[in-house]
Amino acid sequence: MMKEISGGVCAAQGFKASGVHCGVKAESSPEKRDLALILSEKECTAAGVYTLNRVKAAPIYVTMDHLENGVAWGIVANSGNANACCPMSHENAEAMCLFAAQSTGREAQDFVVASTGVIGQTINIQAIQTGLPKAAAALSSDGSGDAAAAIMTTDTVKKEIAVSFSVGGREVRLGAIAKGSGMIHPNMGTMLAFLTTDCAITQEMLEDALREVSAKTFNRVTVDGDTSTNDTAVVLANGMAGNELIEWKDEDYKTFKSALSYVCRHLSRAIAGDGEGASKLVTCHMTGARSEESAERLAKAVVASALVKAAMFGADANWGRVLCAMGYSKAPFRPEHVDISFQSTAGSILVCRQGDGLAFDEELAKKVLSQKEVIIAVNLNEGCESVECWGCDLTYEYVKINGDYRT
(Lines give C-alpha, C1' and ligand atoms only; values in the text may rest on other atoms or scores of the structure.)
Protein backbone atom coordinates (compact mmCIF):
# COMPACT_ATOMS: atom_id res chain seq x y z
CA MET A 1 0.00 0.00 0.00
CA MET A 2 1.25 3.46 -0.90
CA LYS A 3 -0.28 6.71 0.31
CA GLU A 4 0.47 10.38 -0.15
CA ILE A 5 1.66 12.16 2.98
CA SER A 6 2.78 15.67 3.86
CA GLY A 7 6.36 16.82 4.30
CA GLY A 8 7.90 16.96 0.83
CA VAL A 9 11.67 16.49 1.04
CA CYS A 10 11.43 16.43 4.82
CA ALA A 11 8.94 13.55 4.99
CA ALA A 12 11.67 10.90 5.14
CA GLN A 13 13.46 10.39 8.45
CA GLY A 14 16.59 12.46 9.00
CA PHE A 15 16.06 15.18 6.39
CA LYS A 16 15.73 18.92 7.01
CA ALA A 17 15.38 21.76 4.53
CA SER A 18 15.15 25.54 4.31
CA GLY A 19 14.62 28.30 1.80
CA VAL A 20 15.70 31.91 2.37
CA HIS A 21 16.09 35.19 0.49
CA CYS A 22 19.70 36.15 -0.13
CA GLY A 23 19.41 38.49 -3.13
CA VAL A 24 20.90 36.51 -6.01
CA LYS A 25 19.17 39.10 -8.19
CA ALA A 26 19.72 42.51 -6.62
CA GLU A 27 16.33 43.75 -7.80
CA SER A 28 14.38 40.79 -6.44
CA SER A 29 11.77 41.24 -3.74
CA PRO A 30 12.84 40.47 -0.14
CA GLU A 31 9.87 38.11 -0.08
CA LYS A 32 11.31 36.01 -2.93
CA ARG A 33 13.20 33.06 -1.47
CA ASP A 34 16.12 32.24 -3.76
CA LEU A 35 18.44 29.93 -1.84
CA ALA A 36 17.51 26.37 -0.82
CA LEU A 37 19.37 23.94 1.43
CA ILE A 38 18.57 20.27 2.10
CA LEU A 39 20.58 18.23 4.62
CA SER A 40 20.50 14.66 5.94
CA GLU A 41 21.49 13.55 9.43
CA LYS A 42 23.37 10.63 7.92
CA GLU A 43 25.42 10.01 4.79
CA CYS A 44 23.26 9.09 1.80
CA THR A 45 23.69 6.96 -1.23
CA ALA A 46 23.05 9.31 -4.12
CA ALA A 47 22.26 9.27 -7.83
CA GLY A 48 21.57 11.90 -10.46
CA VAL A 49 20.40 12.35 -14.03
CA TYR A 50 21.13 15.45 -16.05
CA THR A 51 20.31 17.40 -19.18
CA LEU A 52 21.35 15.92 -22.53
CA ASN A 53 22.01 19.41 -23.85
CA ARG A 54 25.62 19.55 -25.03
CA VAL A 55 25.89 22.92 -23.29
CA LYS A 56 25.79 22.14 -19.56
CA ALA A 57 25.89 24.57 -16.66
CA ALA A 58 28.84 24.41 -14.25
CA PRO A 59 26.75 23.10 -11.31
CA ILE A 60 26.08 19.91 -13.29
CA TYR A 61 29.78 19.20 -13.76
CA VAL A 62 30.46 19.91 -10.08
CA THR A 63 27.58 17.66 -9.00
CA MET A 64 28.73 14.87 -11.29
CA ASP A 65 32.22 15.15 -9.78
CA HIS A 66 30.90 15.17 -6.21
CA LEU A 67 28.72 12.11 -6.86
CA GLU A 68 31.50 10.00 -8.37
CA ASN A 69 31.82 8.23 -5.02
CA GLY A 70 28.06 7.63 -4.94
CA VAL A 71 27.39 9.47 -1.68
CA ALA A 72 26.24 12.90 -0.49
CA TRP A 73 24.87 14.59 2.60
CA GLY A 74 22.93 17.50 1.15
CA ILE A 75 21.86 19.77 -1.68
CA VAL A 76 22.37 23.51 -2.16
CA ALA A 77 20.48 25.30 -4.92
CA ASN A 78 19.62 28.81 -6.00
CA SER A 79 17.16 30.50 -8.33
CA GLY A 80 17.69 33.82 -10.11
CA ASN A 81 20.82 32.83 -12.01
CA ALA A 82 21.73 29.65 -13.92
CA ASN A 83 25.50 30.01 -13.32
CA ALA A 84 25.92 28.82 -16.91
CA CYS A 85 28.17 30.04 -19.73
CA CYS A 86 29.64 32.89 -17.69
CA PRO A 87 32.98 33.84 -16.10
CA MET A 88 33.90 31.99 -12.88
CA SER A 89 30.95 29.60 -13.23
CA HIS A 90 32.82 26.46 -12.14
CA GLU A 91 34.63 28.24 -9.31
CA ASN A 92 31.34 29.70 -8.07
CA ALA A 93 29.57 26.34 -8.16
CA GLU A 94 32.38 24.88 -6.07
CA ALA A 95 32.17 27.91 -3.77
CA MET A 96 28.47 27.29 -3.16
CA CYS A 97 29.32 23.81 -1.91
CA LEU A 98 32.14 25.16 0.25
CA PHE A 99 29.89 27.78 1.84
CA ALA A 100 27.21 25.14 2.45
CA ALA A 101 29.82 22.91 4.07
CA GLN A 102 31.16 25.70 6.28
CA SER A 103 27.63 26.52 7.42
CA THR A 104 26.72 22.93 8.30
CA GLY A 105 29.95 21.36 9.50
CA ARG A 106 30.29 19.11 6.47
CA GLU A 107 32.77 18.95 3.57
CA ALA A 108 32.28 20.68 0.20
CA GLN A 109 32.39 17.28 -1.53
CA ASP A 110 29.32 16.26 0.49
CA PHE A 111 27.00 18.57 -1.46
CA VAL A 112 25.08 18.44 -4.69
CA VAL A 113 24.75 21.91 -6.24
CA ALA A 114 22.18 23.28 -8.68
CA SER A 115 21.23 26.65 -10.11
CA THR A 116 18.38 27.97 -12.25
CA GLY A 117 17.67 31.31 -13.90
CA VAL A 118 19.26 33.52 -16.52
CA ILE A 119 22.09 32.03 -18.60
CA GLY A 120 25.28 33.97 -19.31
CA GLN A 121 25.43 36.27 -16.30
CA THR A 122 27.96 35.81 -13.49
CA ILE A 123 26.23 34.75 -10.29
CA ASN A 124 26.24 36.97 -7.20
CA ILE A 125 28.32 34.59 -5.12
CA GLN A 126 28.70 37.12 -2.30
CA ALA A 127 24.93 37.07 -1.76
CA ILE A 128 24.99 33.26 -1.56
CA GLN A 129 27.95 33.32 0.83
CA THR A 130 26.01 35.66 3.12
CA GLY A 131 22.78 33.71 2.73
CA LEU A 132 23.99 30.18 3.46
CA PRO A 133 24.53 30.65 7.21
CA LYS A 134 20.93 31.93 7.35
CA ALA A 135 19.76 28.91 5.35
CA ALA A 136 21.66 26.55 7.66
CA ALA A 137 20.17 28.21 10.75
CA ALA A 138 16.69 27.87 9.24
CA LEU A 139 16.98 24.12 8.52
CA SER A 140 13.82 22.43 9.74
CA SER A 141 11.81 19.26 9.37
CA ASP A 142 9.02 21.59 8.20
CA GLY A 143 11.20 23.38 5.65
CA SER A 144 10.23 21.61 2.43
CA GLY A 145 7.77 24.30 1.33
CA ASP A 146 10.34 27.07 1.79
CA ALA A 147 12.92 25.08 -0.18
CA ALA A 148 10.39 24.46 -2.95
CA ALA A 149 9.65 28.19 -3.11
CA ALA A 150 13.36 29.04 -3.22
CA ILE A 151 13.99 27.14 -6.47
CA MET A 152 11.04 28.66 -8.35
CA THR A 153 11.68 31.01 -11.27
CA THR A 154 8.68 31.59 -13.54
CA ASP A 155 6.80 28.79 -11.75
CA THR A 156 3.43 29.94 -10.43
CA VAL A 157 2.99 27.13 -7.88
CA LYS A 158 5.29 25.13 -5.63
CA LYS A 159 5.82 21.52 -6.63
CA GLU A 160 6.26 19.01 -3.81
CA ILE A 161 4.98 15.58 -2.87
CA ALA A 162 5.73 12.75 -0.46
CA VAL A 163 4.58 9.14 -0.16
CA SER A 164 4.73 6.38 2.42
CA PHE A 165 5.02 2.69 1.53
CA SER A 166 6.25 -0.59 3.00
CA VAL A 167 9.50 -2.39 2.20
CA GLY A 168 10.10 -5.67 4.01
CA GLY A 169 7.61 -4.78 6.70
CA ARG A 170 9.19 -1.38 7.38
CA GLU A 171 7.59 1.98 6.62
CA VAL A 172 9.63 3.84 4.03
CA ARG A 173 9.11 7.43 2.97
CA LEU A 174 10.02 9.21 -0.25
CA GLY A 175 9.57 12.94 -0.81
CA ALA A 176 10.46 15.50 -3.43
CA ILE A 177 10.39 19.09 -4.57
CA ALA A 178 10.81 20.32 -8.14
CA LYS A 179 10.77 23.40 -10.28
CA GLY A 180 10.05 23.79 -13.96
CA SER A 181 7.95 26.06 -16.12
CA GLY A 182 9.86 27.10 -19.25
CA MET A 183 12.74 25.74 -21.34
CA ILE A 184 11.25 22.28 -20.84
CA HIS A 185 11.68 19.53 -23.42
CA PRO A 186 12.32 15.78 -23.32
CA ASN A 187 15.85 14.72 -22.39
CA MET A 188 15.08 16.10 -19.00
CA GLY A 189 12.76 18.51 -19.37
CA THR A 190 14.67 24.30 -17.09
CA MET A 191 13.77 21.67 -14.48
CA LEU A 192 15.25 20.69 -11.15
CA ALA A 193 14.02 17.80 -8.99
CA PHE A 194 15.36 16.87 -5.57
CA LEU A 195 14.19 13.60 -4.03
CA THR A 196 14.90 12.23 -0.57
CA THR A 197 14.16 8.85 0.99
CA ASP A 198 14.96 6.95 4.16
CA CYS A 199 15.05 3.67 2.22
CA ALA A 200 18.16 1.52 2.55
CA ILE A 201 19.27 0.87 -1.04
CA THR A 202 22.61 0.50 -2.78
CA GLN A 203 23.89 3.26 -5.04
CA GLU A 204 23.74 0.95 -8.06
CA MET A 205 20.08 0.10 -7.47
CA LEU A 206 19.23 3.74 -6.71
CA GLU A 207 20.87 4.93 -9.92
CA ASP A 208 19.15 2.26 -12.01
CA ALA A 209 15.76 3.12 -10.53
CA LEU A 210 16.21 6.85 -11.14
CA ARG A 211 17.34 6.38 -14.73
CA GLU A 212 14.55 3.93 -15.55
CA VAL A 213 11.88 6.12 -13.97
CA SER A 214 13.19 9.43 -15.39
CA ALA A 215 13.04 7.99 -18.89
CA LYS A 216 9.29 7.43 -18.49
CA THR A 217 8.42 10.58 -16.53
CA PHE A 218 10.70 13.62 -16.73
CA ASN A 219 11.74 12.72 -20.28
CA ARG A 220 8.11 12.68 -21.39
CA VAL A 221 7.43 16.32 -20.57
CA THR A 222 7.60 19.20 -23.03
CA VAL A 223 6.57 22.82 -22.69
CA ASP A 224 8.35 24.67 -25.46
CA GLY A 225 10.82 22.41 -27.26
CA ASP A 226 13.91 23.84 -25.54
CA THR A 227 16.15 21.52 -23.52
CA SER A 228 17.79 23.46 -20.68
CA THR A 229 21.46 23.69 -19.76
CA ASN A 230 20.74 23.07 -16.07
CA ASP A 231 18.28 20.16 -15.81
CA THR A 232 19.12 17.98 -12.83
CA ALA A 233 17.27 15.31 -10.85
CA VAL A 234 19.01 13.93 -7.78
CA VAL A 235 17.85 11.39 -5.20
CA LEU A 236 19.41 10.92 -1.76
CA ALA A 237 18.77 7.79 0.35
CA ASN A 238 19.96 7.73 3.98
CA GLY A 239 18.70 4.26 4.96
CA MET A 240 17.15 5.44 8.23
CA ALA A 241 13.93 3.47 7.62
CA GLY A 242 15.87 0.37 8.70
CA ASN A 243 14.62 -1.90 5.94
CA GLU A 244 16.79 -4.72 4.68
CA LEU A 245 19.22 -3.24 2.15
CA ILE A 246 17.91 -3.33 -1.42
CA GLU A 247 20.82 -4.65 -3.46
CA TRP A 248 19.05 -6.71 -6.13
CA LYS A 249 16.17 -6.11 -8.51
CA ASP A 250 13.80 -8.11 -6.35
CA GLU A 251 10.28 -7.36 -5.08
CA ASP A 252 11.57 -4.70 -2.67
CA TYR A 253 13.32 -2.96 -5.57
CA LYS A 254 10.10 -3.06 -7.61
CA THR A 255 8.19 -1.56 -4.69
CA PHE A 256 10.71 1.26 -4.32
CA LYS A 257 10.78 1.89 -8.06
CA SER A 258 6.97 2.02 -8.15
CA ALA A 259 6.96 4.69 -5.44
CA LEU A 260 9.68 6.63 -7.24
CA SER A 261 7.67 6.44 -10.46
CA TYR A 262 4.55 7.72 -8.69
CA VAL A 263 6.42 10.72 -7.30
CA CYS A 264 8.20 11.57 -10.56
CA ARG A 265 4.99 11.23 -12.58
CA HIS A 266 3.27 13.63 -10.20
CA LEU A 267 6.11 16.14 -10.57
CA SER A 268 6.16 15.73 -14.36
CA ARG A 269 2.45 16.51 -14.63
CA ALA A 270 2.85 19.47 -12.28
CA ILE A 271 5.70 20.87 -14.39
CA ALA A 272 3.76 20.47 -17.63
CA GLY A 273 0.61 21.99 -16.19
CA ASP A 274 2.56 24.98 -14.89
CA GLY A 275 4.25 25.68 -18.21
CA GLU A 276 5.02 29.34 -18.80
CA GLY A 277 1.78 31.15 -19.58
CA ALA A 278 -0.14 27.87 -19.74
CA SER A 279 -3.84 27.68 -19.03
CA LYS A 280 -4.14 23.90 -19.18
CA LEU A 281 -2.31 20.59 -18.90
CA VAL A 282 -2.35 18.63 -22.16
CA THR A 283 -1.80 14.88 -21.99
CA CYS A 284 -1.34 12.71 -25.05
CA HIS A 285 -2.35 9.12 -24.37
CA MET A 286 -1.01 7.00 -27.21
CA THR A 287 -2.39 3.45 -27.24
CA GLY A 288 -2.43 0.47 -29.59
CA ALA A 289 1.21 0.89 -30.57
CA ARG A 290 3.55 -1.80 -31.81
CA SER A 291 6.33 -0.66 -29.48
CA GLU A 292 6.75 1.62 -26.50
CA GLU A 293 9.48 3.50 -28.35
CA SER A 294 7.24 4.39 -31.30
CA ALA A 295 4.35 5.31 -29.00
CA GLU A 296 6.60 7.67 -27.05
CA ARG A 297 7.96 9.33 -30.18
CA LEU A 298 4.46 9.85 -31.53
CA ALA A 299 3.06 11.20 -28.26
CA LYS A 300 6.01 13.56 -27.79
CA ALA A 301 5.50 14.94 -31.28
CA VAL A 302 1.86 15.69 -30.51
CA VAL A 303 2.40 17.54 -27.22
CA ALA A 304 5.44 19.38 -28.63
CA SER A 305 3.62 20.67 -31.72
CA ALA A 306 3.18 24.46 -31.60
CA LEU A 307 0.06 24.16 -33.75
CA VAL A 308 -1.50 21.50 -31.51
CA LYS A 309 -0.64 23.60 -28.44
CA ALA A 310 -2.19 26.71 -30.02
CA ALA A 311 -5.35 24.76 -30.88
CA MET A 312 -5.59 23.58 -27.27
CA PHE A 313 -5.33 27.19 -26.10
CA GLY A 314 -8.18 28.17 -28.39
CA ALA A 315 -10.22 25.06 -27.47
CA ASP A 316 -10.29 24.29 -31.20
CA ALA A 317 -10.82 20.60 -32.04
CA ASN A 318 -8.38 20.80 -34.94
CA TRP A 319 -7.49 17.12 -34.87
CA GLY A 320 -5.70 17.29 -38.22
CA ARG A 321 -2.80 18.95 -36.44
CA VAL A 322 -2.49 15.89 -34.19
CA LEU A 323 -2.26 13.51 -37.13
CA CYS A 324 0.15 15.87 -38.91
CA ALA A 325 2.49 15.97 -35.89
CA MET A 326 2.46 12.19 -35.72
CA GLY A 327 3.33 12.05 -39.40
CA TYR A 328 6.60 13.96 -39.05
CA SER A 329 7.66 12.19 -35.84
CA LYS A 330 9.56 9.58 -37.90
CA ALA A 331 7.87 6.82 -35.92
CA PRO A 332 6.23 4.06 -37.98
CA PHE A 333 2.43 3.85 -37.92
CA ARG A 334 -0.47 3.46 -40.32
CA PRO A 335 -2.49 6.68 -40.59
CA GLU A 336 -5.47 4.78 -42.00
CA HIS A 337 -5.83 2.88 -38.69
CA VAL A 338 -5.74 5.88 -36.34
CA ASP A 339 -8.62 6.93 -34.06
CA ILE A 340 -8.44 10.28 -32.24
CA SER A 341 -10.63 11.64 -29.48
CA PHE A 342 -10.48 14.59 -27.08
CA GLN A 343 -11.32 13.95 -23.42
CA SER A 344 -11.72 15.93 -20.21
CA THR A 345 -14.00 16.17 -17.21
CA ALA A 346 -16.58 17.69 -19.58
CA GLY A 347 -16.81 14.49 -21.63
CA SER A 348 -15.25 12.69 -24.57
CA ILE A 349 -15.65 13.29 -28.28
CA LEU A 350 -14.39 11.11 -31.14
CA VAL A 351 -13.17 13.30 -34.02
CA CYS A 352 -11.28 10.86 -36.24
CA ARG A 353 -11.82 7.19 -37.05
CA GLN A 354 -9.40 5.14 -39.14
CA GLY A 355 -7.61 8.26 -40.33
CA ASP A 356 -10.74 10.07 -41.53
CA GLY A 357 -12.58 12.98 -39.94
CA LEU A 358 -16.00 12.53 -38.39
CA ALA A 359 -18.88 14.94 -38.02
CA PHE A 360 -18.96 16.02 -34.36
CA ASP A 361 -20.67 18.49 -32.06
CA GLU A 362 -18.46 21.61 -32.13
CA GLU A 363 -20.14 23.02 -29.03
CA LEU A 364 -19.40 19.87 -27.03
CA ALA A 365 -15.84 19.82 -28.37
CA LYS A 366 -15.38 23.39 -27.16
CA LYS A 367 -16.54 22.42 -23.67
CA VAL A 368 -14.27 19.39 -23.60
CA LEU A 369 -11.23 21.42 -24.64
CA SER A 370 -11.93 24.31 -22.24
CA GLN A 371 -11.10 22.34 -19.08
CA LYS A 372 -7.91 22.61 -17.00
CA GLU A 373 -6.70 19.20 -18.22
CA VAL A 374 -7.29 17.92 -21.74
CA ILE A 375 -6.40 14.43 -22.96
CA ILE A 376 -5.62 13.80 -26.60
CA ALA A 377 -6.39 10.09 -26.87
CA VAL A 378 -4.91 8.37 -29.92
CA ASN A 379 -5.44 4.69 -30.71
CA LEU A 380 -3.09 3.36 -33.37
CA ASN A 381 -4.95 0.02 -33.50
CA GLU A 382 -1.73 -1.84 -34.25
CA GLY A 383 -0.49 -3.35 -30.99
CA CYS A 384 -0.74 -3.37 -27.21
CA GLU A 385 1.84 -0.78 -26.10
CA SER A 386 0.77 2.57 -24.61
CA VAL A 387 2.50 5.74 -23.43
CA GLU A 388 1.56 9.06 -21.83
CA CYS A 389 3.40 12.32 -22.53
CA TRP A 390 2.61 15.69 -21.00
CA GLY A 391 2.64 19.26 -22.25
CA CYS A 392 0.54 22.40 -22.12
CA ASP A 393 -1.15 24.91 -24.37
CA LEU A 394 0.66 27.81 -26.04
CA THR A 395 -0.72 31.18 -24.95
CA TYR A 396 -0.04 34.86 -25.57
CA GLU A 397 1.45 34.97 -22.08
CA TYR A 398 4.28 32.59 -23.06
CA VAL A 399 5.61 35.12 -25.58
CA LYS A 400 5.17 37.95 -23.08
CA ILE A 401 7.16 36.10 -20.39
CA ASN A 402 10.00 35.11 -22.70
CA GLY A 403 10.15 38.32 -24.72
CA ASP A 404 11.72 40.18 -21.82
CA TYR A 405 12.82 37.33 -19.52
CA ARG A 406 16.38 38.60 -19.13
CA THR A 407 15.54 42.29 -18.67
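Novice: Could you give me a rundown of the nonpolar core, with the residues and numbers involved?
Specialist: Core analysis: the biggest nonpolar cluster contains 38 residues, and Leu-195 and Phe-256 have the highest contact counts within it. For this core, the elements supplying multiple residues, two or more each, are strand 3 (35-50), strand 6 (159-167), strand 7 (170-180), strand 8 (191-197), helix 5 (203-215), strand 9 (232-237) and helix 6 (251-273). A total of nine residues in this core trace back to one element, the largest contributor, which is helix 6. The residues touching Phe-256, leaving out its near neighbours within four places in the chain, are Phe-165, Thr-197, Cys-199, Ile-201, Leu-206, Ala-209 and Ile-246. By size, the runner-up hydrophobic cluster in this structure holds 35 residues, among which are Val-322, Ala-331, Phe-342 and Ile-376.

Novice: I'd like a description of the pattern of salt bridges, backed by residues and values.
Specialist: By the definition in use, this model includes 18 salt bridges. One salt bridge in this structure joins Asp-110 and Arg-106, with 3.2 Å as the shortest N-O distance. Note that Glu-292 and Arg-220 form a salt bridge whose closest N and O atoms lie 2.8 Å from each other. Remark: Arg-220 occurs in the loop between helix 5 and strand 9 and Glu-292 occurs in helix 7 (residues 292-304); sequence separation between them is 72 residues. Arg-220 gets classed as buried once you look at its relative accessible area, which sits at 7%.

Calculation notes
Residues numbered from 1 in each chain as written. Predicted model: local features only at pLDDT ≥ 70, side-chain atom pairs only at ≥ 80, totals over all residues. Heavy atoms only, no water. Core = buried A, V, L, I, M, F, W, Y, C linked by side-chain atoms within 4.5 Å. Buried < 20%, exposed > 50% of the residue type's maximum accessible area, 1.4 Å probe, protein only. Helix = DSSP H or I, 4+ residues; strand = E, 2+ residues; numbered from the N terminus. Contact = heavy atoms within 4.5 Å. Salt bridge = Lys/Arg side-chain N within 4 Å of Asp/Glu carboxyl O.

So yeah, pure geometry; function would need other evidence.
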